[in-house]
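Now for the letters of each chain:
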Amino acid sequence: MFSTPINNMKVDDPDSFFMNDIQAADNITDITTNSEDFEREIDNMPMHSAPGPDSWNSIFIKKCKVPVARALSVIWRKSLDTGEIPAALKSADIAPLHKGGSKALAKNYRPVALTSHIIKVFERVIRNQISSFMENNELHNPGQHGFRAGRSCLSQLLNHYDKITEALEEKQNADVVYTDFAKAFDKCDHGVIAHKMRSMGITGKVGRWILNFLSNRTQRVTVNQIKSSPSDVKSSVPQGTVLAPLLFLILISDIDKNTRHSFVSSFADDTKISMKITSAEDIEKLQADVNKVFDWAAENNMMFNSDKFQVLRYGKNEDLKHNTGYKTQSNLPIVGKQHVKDLGIMMSDDLTFREHNQANIASARKMIGWITRTFKSRDPITMVVLFKSFVLSRLEYCSVLTSPFRAGEIAEIEGIQRTYTARIDEIKHLNYWDRLKALQMYSLERRRERYQIIYTWKILEGQVPNLHSKITTYWSERYGRKCKIEPVKSRGVIGAIREHCINIRGPRLFNVLPASIRNIAGTTVDIFKRKLDGFLREVPDQPGCGGYVALRAAPSNSLVDQTLTSRAWPRAGLGE
């Protein structure tokens, strides 16, 4: 499981390594803390987080926050100054969590590491300052979206999808090679991490303390309060610790340093290599970049699971797809797929999300069946809470990306909520539009458009990364802040897909809002949501469902159409 450390990367004298010969232009060598910093991080601790080997309970720490924070600020100041960490705080208890299948097989258990809350509090303090240092100095890999503020699975997928659709709009192909690390977090070489920290400017007392934090760790397995003998941890960013994700990002920060033609995009260890393809020469260029990533793994003591590599090939040039391919480091062909699971989303080579949405619909129906069999109550509040807790999460994960635009798919997804609300005894005699009003719920289509508006606003406010094809704004004295809407360059299926991507659909929805909402800036997303919801409550929500469509004045239930045909503006008091 662990990797064997590279000899010439070992750091035998941390004091000399981190205190002398500093090369980086900007450095973080020490941090200043006080008891208020520790109080704040204690507040951020989960209330019911399981204790580590030292049995310090999170509830006790939170209840005694002030005296504990005062003591910890003194203890960890001393630890940072000396570089010493008690061995008892560098151990972990491994609780095996059964994933399914035979309980007799070790592979069917997920190891959950429990570490001390006493050191976790300080890890949070030091992580915040290192993260700020790295963000301010742009030390993170620009294609990395994992464990970073304002970035997420959604931001990574949106940026990736934007590049793919742009390539197809330009009548090019696009190939994406999906990689797979073998035990990525367990094989991180401590010496490699130390060298990369120093090159970034994480030096002095901070660098020395982190290397000590990584070194000479132990772990033991705990089952039914019976503990195994401790074993040494030879490599890894320690599971169950607060610093582990940040240290992994430091290790993987230069994974694309030698790639010349493609774009490497990552969410933690989930990494894909993509490129626009117009000829066989481009295939060779992408293969060369894939080989460079293999070389990076060898240099950094990491290992790929080449058997699990996959390639997704987009575009109309079937000749390129059928007569070319890619190979692993073992010179075996990388398997081509029509559908690949990417961060929980089923990506398809036709750029649609039919497979993904169909799977979600099936999962939602299955969950509704479980709810109605398990709970006898048909009380409106109970039913709505259960629906929001167990069903909506399945339908709306990354819906900003996967939102359908074809009427049939929209109606099929909407049918999930329509059928469910018809089971609520108190309102089942009402039609679907009236049921939504009685429950004070949005249609699923309205919810998806709301998410697209909110994400567009976040882009404009710099709270999340902008897309590859940037969303920009202009200011009008009459209309206030509005988004520029770039023209779609292609027609047909690709044109329709591009038309409904977030970089065009989001601005179009944003622009139909009243100026008083579009002009909201420099505030929190919660304030923007409240203002937005105040407007949305006044716009008719009339999803397509059977004969009701004939009664709807607007061509569709989209805000783009409903705001043009309704009289919501004067009632809301939010007009231009």
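Residues numbered from 1 in each chain as written. Predicted model: local features only at pLDDT ≥ 70, side-chain atom pairs only at ≥ 80, totals over all residues. Heavy atoms only, no water.

Q: Honestly, the layout of surface pockets in this entry has me stumped. Any pointers?
A: In this approach the atoms are scanned with a rolling probe the size of a water molecule, which exposes any empty space left behind. The space that makes up the second largest pocket amounts to roughly 540 Å³. In terms of lining residues, the second largest pocket is bounded by 22 residues, among which Leu436, Gln440, Met441, Tyr442 and Arg537 are the most central. Sorting the residues of the lining of the second largest pocket by element identifies α17 (432-439), α18 (444-460) and α22 (525-536) as the ones contributing at least two each. With 5 residues, the single largest contributor to the lining of the second largest pocket is α17. Looking at side-chain class alone, the lining of the second largest pocket contains 9 nonpolar, 3 polar and 10 charged residues. (1 Å grid on protein atoms, 1.4 Å probe; cavity = no way out; pocket = protein on both sides within 12 Å on 5 of 7 lines; lining within 4 Å. Points joined across faces, edges and corners; volume = space filled by probe spheres on them. Helix = DSSP H or I, 4+ residues; strand = E, 2+ residues; numbered from the N terminus. Nonpolar A, V, L, I, M, F, W, Y, C, P; charged D, E, K, R; others polar.)

Q: Explain helix α6 (residues 153-169) here, please?
A: Note: α-helices contain 3.6 residues per turn, so residues at a spacing of three or four share the same orientation. If you check α6, its first and last C-alpha atoms are 24 Å apart, about what 17 residues at 1.5 Å a residue would give, namely 24 Å. Within α6, 17 of the 17 residues are buried, which leaves it mostly tucked inside the rest of the structure. The N-capping residue of α6, defined by a side-chain oxygen 3.3 Å from the backbone nitrogen of Leu154, is Ser152. Positive backbone phi, approximately 65°, marks Lys171, located one or two places after α6. (Expected span 1.5 Å × (residues − 1). Buried < 20%, exposed > 50% of the residue type's maximum accessible area, 1.4 Å probe, protein only. Polar contact = N/O pair within 3.5 Å; in protein donor to acceptor, adjacent residues only side chain to side chain.)

Q: So what exactly am I meant to see when it comes to the pattern of salt bridges here?
A: Any two side chains of opposite charge can pair if their charged atoms end up close together. Counted under the stated rule, the structure contains 27 salt bridges. For Lys276, the salt bridge is made with Glu170, and the minimal N-O distance between the two is 3.2 Å. Here Lys276 is found in strand β8 (residues 270-277), whereas its partner Glu170 is found in the loop between α6 and β3 (173-178), with 106 residues between them in sequence. For Lys276, a relative accessible area of 32% gives the class partly exposed. Each of the salt bridges in this network shares a partner with another, and the network as a whole consists of Asp30, Arg77, Asp81 and Lys205. (Salt bridge = Lys/Arg side-chain N within 4 Å of Asp/Glu carboxyl O.)

Q: What exactly am I supposed to notice about empty space enclosed by the protein here?
A: Evaluated as defined, the whole model comprises 2 cavities of 30 Å³ or more. The calculated volume of the largest cavity comes to roughly 240 Å³. If you go around the largest cavity, you meet 23 residues; those closest to its centre are Tyr161, Phe353, Leu401, Ser403 and Phe405. Residue assignment for the lining of the largest cavity shows that the elements contributing at least two residues are α6, α12 (354-374), α15 (399-402) and α20 (502-511). Here the residues of the lining of the largest cavity sort into 12 nonpolar, 7 polar and 4 charged.

Q: Teacher, can you tell me more about the pairing of strand β13 (residues 473-476) here?
A: Residues in a regular strand project their side chains so that they alternate between the two faces of the sheet. Of the pairings in the sheet, the one linking β13 to strand β14 (residues 480-483) comprises 4 bridges and is antiparallel in character. Looking across to β14, one finds that Trp475 is bridged to Arg481. Between β13 and β14, which pair antiparallel and follow one another directly, the connecting turn spans 3 residues. (Pairing = 2+ DSSP bridges.)

Q: Looking at this structure, how should I read the sheet that holds strand β10 (residues 335-337)?
A: Strand-to-strand pairing in sheets goes through backbone hydrogen bonds, with the strands running parallel or antiparallel. Taken in spatial order, the 5 strands make up an open sheet running β7-β8-β3-β9-β10, and their pairing is mixed. The sheet is open, and its two edges are formed by β7 (263-267) and β10, each paired on a single side. Between one strand and the next, the sheet's axes are offset by a mean angle of 25°, whatever the strand orientation. Here strand β9 (residues 310-314) pairs with β10 via 3 bridges, running parallel. Residue pairing for β10: Leu312 is matched across the bridge by Lys337. Strand contacts of α6: β3, β7, β8 and β9, with the helix running at about 145° to β3, the strand carrying the most contacts. (Axes fitted to C-alpha atoms, helices over the stretch in contact; angles between N-to-C directions. Contact = heavy atoms within 4.5 Å.)

Q: Explanation requested: the pairing of strand β11 (residues 339-342) in the structure shown.
A: Here β11 shows a buried face lined by Val340 and Asp342 and an unburied face lined by His339 and Lys341. Where β11 hands over to strand β12 (residues 345-348), the hairpin turn is made up of 2 residues, of which Leu343 adopts a positive phi near 55°.

Q: Please clarify how α17 should be interpreted in this entry.
A: Turning to α17, its buried residues number three or more, namely Tyr432, Trp433, Arg435, Leu436 and Leu439. The buried residues of α17 occupy one face: seen down the axis, they fall within an arc of 165°. On its buried face, α17 sits against α13 (380-390) and α16 (407-421). The backbone nitrogen of Trp433 has a side-chain oxygen 3.1 Å away, supplied by the residue at the start of α17, namely Asn431. After α17 finishes, the residue Gln440 shows a positive phi value of roughly 55°. (Arc of directions from axis to C-beta.)

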